[in-house]
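# Observations on chain architecture
Below, each chain spelled out in residue letters.
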Amino acid sequence: MKFAVFASGNGSNFQAIDAAVKNGQIKAELALLFSNNRKAYALQRAQDAGVPTLELVPKEYANPQSFERDLVIYLKEHAIDFIVLAGYMRILTPYFVREFPGKILNIHPSLLPSFKGMNGIKDAFTYGVKTTGVTIHFVDEKMDHGPIILQESLAIREEDTLETLEVRVHELEHQLYPQAIALFSEGKLKIKGRKVHIISL
Ligand code: GRF
């Protein structure tokens, strides 16, 4: 199995996933880091890790469809089996999602369905919830919505600031995402409606 990570920014999840491939936790080939942002630090991390990169910038295309069409062509030509969104700050169109049905994973830094959107950690913190967490889910045509693969909670402490909470959420992300990718690439996830069953082979 070959997979691509999509990232638009820092790429700390990419780094954790690459480490998990290299240490054998994920038994699939990390064949591509794709970014829609030429300045993404994730690109630098991929180059340092020896992972091939692709940059395509949407605003250099006439419309979102032609941008995604080029991307799909590239992914199919390179025989990419599945896609891992890791801080990819762009909503995929239904066209793209249908090209990879049940084969796109996303991570979100809150306990979905709470605190969807760009600022999951901050929104949970300012709302004052006592528990937040991390969700890994399949991508469907709605934002932060598809069937949930893994979810883990994290207590917000009295002394937490937004910054300390961010650090702990990211640490949890870096543990949980490789676990979900390993399960998926080993064929251990079965989607039934909104439920994802983890099967032991
Ligand atoms: C993560 O918090 C992820 O949950 C969210 O975007 C952030 C990306 O961080 N979707 P990084 O680029 O992997 O460091």
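Details of the structure are given in the entry above.
In every chain, residue numbers begin from 1 and rise along the written sequence. Thresholds applied to this predicted model are a pLDDT of at least 70 for local features of residues and 80 or more for the giving and counting of side-chain atom pairs; totals over whole chains, interfaces and linings are not thresholded and use all residues. Only hydrogens and water are set aside; all other atoms, that is, all heavy atoms of the structure, feed into the side-chain values.

Turning next to the packing of helix α1 (residues 12-22) against helix α2 (residues 41-49). To get an axis, fit a line to the C-alpha atoms, keeping to the stretch in contact for a helix; angles then go from 0 to 180 degrees between the N-to-C directions. Under the DSSP-based scheme used, a helix requires at least four consecutive residues in state H or I and a strand at least two consecutive residues in state E, with every element numbered from the N terminus. Across the interface, α1 lies against α2 with an axial gap of 9 Å and an inter-helix angle of 20°. Taken together, the axes of α1 and α2 lie roughly parallel to each other. α2 is crossed by α1, and the crossing has right-handed handedness. In contact with Ser12, Phe14, Gln15, Asp18 and Lys22 of α1, α2 contributes Ala42, Arg45, Ala46 and Ala49. Here is the rule for angles: anything less than 35 degrees is roughly parallel, anything more than 145 is roughly antiparallel, 65 through 115 is roughly perpendicular, and the remaining ranges are oblique. Definitions for this section: a left-handed crossing has its near helix turned counterclockwise from the far helix by less than a right angle. A right-handed crossing has that turn clockwise. Two residues form a contact once any of their heavy atoms are found within 4.5 Å.

Moving on, we come to the sheet that holds strand β4 (residues 82-85). Strand pairing follows a simple DSSP-based rule, namely that at least 2 bridges must link the two strands. Taken in spatial order, the seven strands of this open sheet run β3-β2-β1-β4-β5-β6-β7, and their pairing is mixed. For this open sheet the edge positions go to β3 (53-55) and β7 (148-155), each flanked by a neighbour on one side alone. Across the sheet, the mean angle from the axis of one strand to that of its neighbour is 20°, orientation sign disregarded. Both strand β5 (residues 104-108) and strand β6 (residues 131-138) contribute to a ladder of four bridges, which runs antiparallel. Bridge assignment links Ile107 to a residue of β6, and that residue is Ile136.

Across the junction of Leu112 and Pro113, the peptide omega takes the value 10°, indicating a cis bond. With respect to the element layout, Pro113 can be found in the loop between β5 and α5 (120-127). Here Phe115, not a glycine, exhibits a phi torsion of approximately 60°, which is positive. Despite not being glycine, Asp144 has its phi angle at roughly 50°, a positive value. Along the polypeptide, Asp144 turns up in the loop between β6 and β7.

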